Amino acid sequence: MCKKNFINFDKIRDLAFEQGFCDVGATELDKVEGDFFEQWLAKGYNASMQYMENYLDLRKDPRLLSPDSCTMFCFLMSYNDERVDNNSQYKIASYAQRKDYHYTIKEKLRNIISKIEENIPSLQAIAFVDSAPILERYWAEKCGLGWKGKNSLLVTKEFGSKVFIGEILCNISTDYPERTINNHCGTCTRCIDSCPNRAIKENKEIDCNLCISYQTIENKEPIPNSFNTNNYIYGCDLCLEACPWNKKAKKIPNQDTEVKELVCTTLEKIEQNKFEKGDFNKLKKQSPINRIKYEKLLSNIQACRTTLPSQPEQH
Ligand code: SF4
Ligand code: SF4
């Protein structure tokens, strides 16, 4: 427990809502309980993502990232707005139909840090969004913001699982009321049943080798011929769309409409075989699609075409 610095949790909640987050929680830092991550690695479910085997000590104990830190604040940002597919046969995951969350959320977290610093000049804080060896969903669950669904994603009662998670690790304590939430998956298996290549395994584990999201983004090699992409050329929403908690989740107003329009145009151009590198460059400036190269996107399109009714090749 940090002795020197304290902030009322109500203040953090106000700052979070001001920045557009839909929920926030906090937890005292400690070692991660259990060895679920190591077990997942041992099965080879991280596929070619060898970087996930690095910094295991930090993943197990985030206090090593910042020795004076004592609290992890976890912030949720819903992206449950309208997705666009424009009647295209090709699909892009809904989280990529908006500005890159790595930047937008980091900026919001930094705004919160600046506001806290106005009252606590000795604040030491680091903001993370999918950017450090932090087991984000574990910490969000520990804060009582949701539970780990069978598809390994954080599921919340109010906002479903279309939520980005950001964290602030810092040297201040707070009066966050302990919040625990039960797992509400029950006997439901809809996410498991919806996954075309059976990537969702026992114990809420994903075998990334079989996951469309991995194959279309993280796998730098072409997608194997036998693999079913379900016409996704970037990411996958199938298990999210299947989840009953997403069906009843609060919708948020449409965000980043200019990116959505660009996604629409891109899908149209792919459909008409008119998609070019210039189109890709425009898209990658705006959306998280910047994680892959033009050539990888073309190869993803080609992988879909092997399973779609015959179409001319993309050049
Ligand atoms: S993202 Fe798609 S492929 Fe991956 S586990 Fe979910 S349904 Fe399966
Ligand atoms: S689809 Fe069902 S099992 Fe899967 S995360 Fe949602 S509630 Fe849980």
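Cut-offs and rules
Residues numbered from 1 in each chain as written. Chains lettered and ligands numbered in written order. Predicted model: local features only at pLDDT ≥ 70, side-chain atom pairs only at ≥ 80, totals over all residues. Buried ≥ 20, exposed ≤ 12 C-beta atoms within 10 Å, placed from the backbone. Helix = DSSP H or I, 4+ residues; strand = E, 2+ residues; numbered from the N terminus. Pairing = 2+ DSSP bridges. Near = placed C-beta within 6 Å. Nonpolar A, V, L, I, M, F, W, Y, C, P; charged D, E, K, R; others polar. Axes fitted to C-alpha atoms, helices over the stretch in contact; angles between N-to-C directions. Parallel < 35°, antiparallel > 145°, perpendicular 65-115°, else oblique. Left-handed = near helix turned anticlockwise from the far one by under 90°. Contact = placed C-beta atoms within 7 Å. Core = buried A, V, L, I, M, F, W, Y, C linked by C-beta atoms within 7 Å.

Novice: Looking at this model, I keep getting lost on the pairing of strand 8 (residues 163–170). Mind explaining?
Specialist: Two faces belong to every sheet, and in a regular strand the side chains alternate between them. Burial runs high along strand 8: eight of the eight residues are buried. Judged by which residues are buried, strand 8 turns out to be covered on both faces: Val163, Ile165, Glu167 and Leu169 on one side and Phe164, Gly166, Ile168 and Cys170 on the other are all buried. In this structure, strand 3 (residues 71–78) lies alongside strand 8, joined through eight bridges in antiparallel fashion. The residue of strand 8 that forms the bridge with Ser78 is Val163. One ladder, built from four bridges, connects strand 5 (residues 125–128) with strand 8; its direction is antiparallel. Of the residues in strand 8, the one forming a bridge with Ile126 is Leu169.

Novice: Would you take a moment to explain the site of ligand 2 for this structure?
Specialist: Around ligand 2, a shell composed of 13 residues is seen, among which Gly149, Cys185, Cys188, Cys191 and Cys243 lie nearest. For the shell around ligand 2, the secondary-structure elements that each account for two or more residues are helix 6 (190–194) and helix 9 (244–247). Residues belonging to the shell around ligand 2 are distributed by class as follows: eight nonpolar, three polar and two charged.

Novice: In this structure, what is going on with the site of ligand 1? I would like to understand it.
Specialist: Near ligand 1 you find Asn151, Ser194, Cys195, Ala199, Ile200, Ile206, Cys211, Ile212, Ser213, Cys236, Leu238 and Cys239, and these make up its full shell. Where the shell around ligand 1 is concerned, the elements lending two or more residues are helix 7 (212–218) and helix 8 (238–242). Its residues assigned to classes, the shell around ligand 1 shows nine nonpolar, three polar and no charged.

Novice: Just to check I follow, could you spell out the packing of helix 10 (residues 257–271) against helix 11 (residues 277–286) for this structure?
Specialist: For the pair helix 10 and helix 11, the least separation of the axes is 10 Å and the interaxial angle reads 150°. In this view, helix 10 runs roughly antiparallel relative to helix 11, as classed from their interaxial angle. Crossing angle aside, the handedness with which helix 10 passes helix 11 is left-handed. On the side of helix 10, the interface is formed by Val259, Leu262, Thr266 and Lys269, while helix 11 contributes Asp279, Lys282, Leu283 and Gln286. Residue composition of the contact of helix 10 with helix 11, grouped by class: three nonpolar, two polar and three charged.

Novice: Can you help me understand the nonpolar core in this one?
Specialist: Here is a general trend for soluble globular proteins: nonpolar side chains tend to be buried in one another's company. Core analysis: the largest hydrophobic core is formed by 85 residues, its most contacted members being Cys74, Phe75, Leu76 and Tyr234. For Tyr234, the contacting residues outside a window of four places in its chain are Ile92, Ala93, Ala96, Thr216, Ile217, Ile289, Leu297 and Asn300.

Novice: Teacher, can you tell me more about the sheet that holds strand 3 here?
Specialist: Strand pairing in a sheet takes place through backbone hydrogen bonds and is either antiparallel or parallel in direction. Sheet architecture is open: four strands sit in the order 2-3-8-5, paired in antiparallel fashion. Single-partner strands in this sheet number two, and they are strand 2 (23–28) and strand 5. This sheet shows a mean twist of 20° between the axes of neighbouring strands, independent of strand direction. Against the sheet, helix 4 (residues 101–119) engages strand 3, strand 5 and strand 8, with an angle of about 40° to strand 8.

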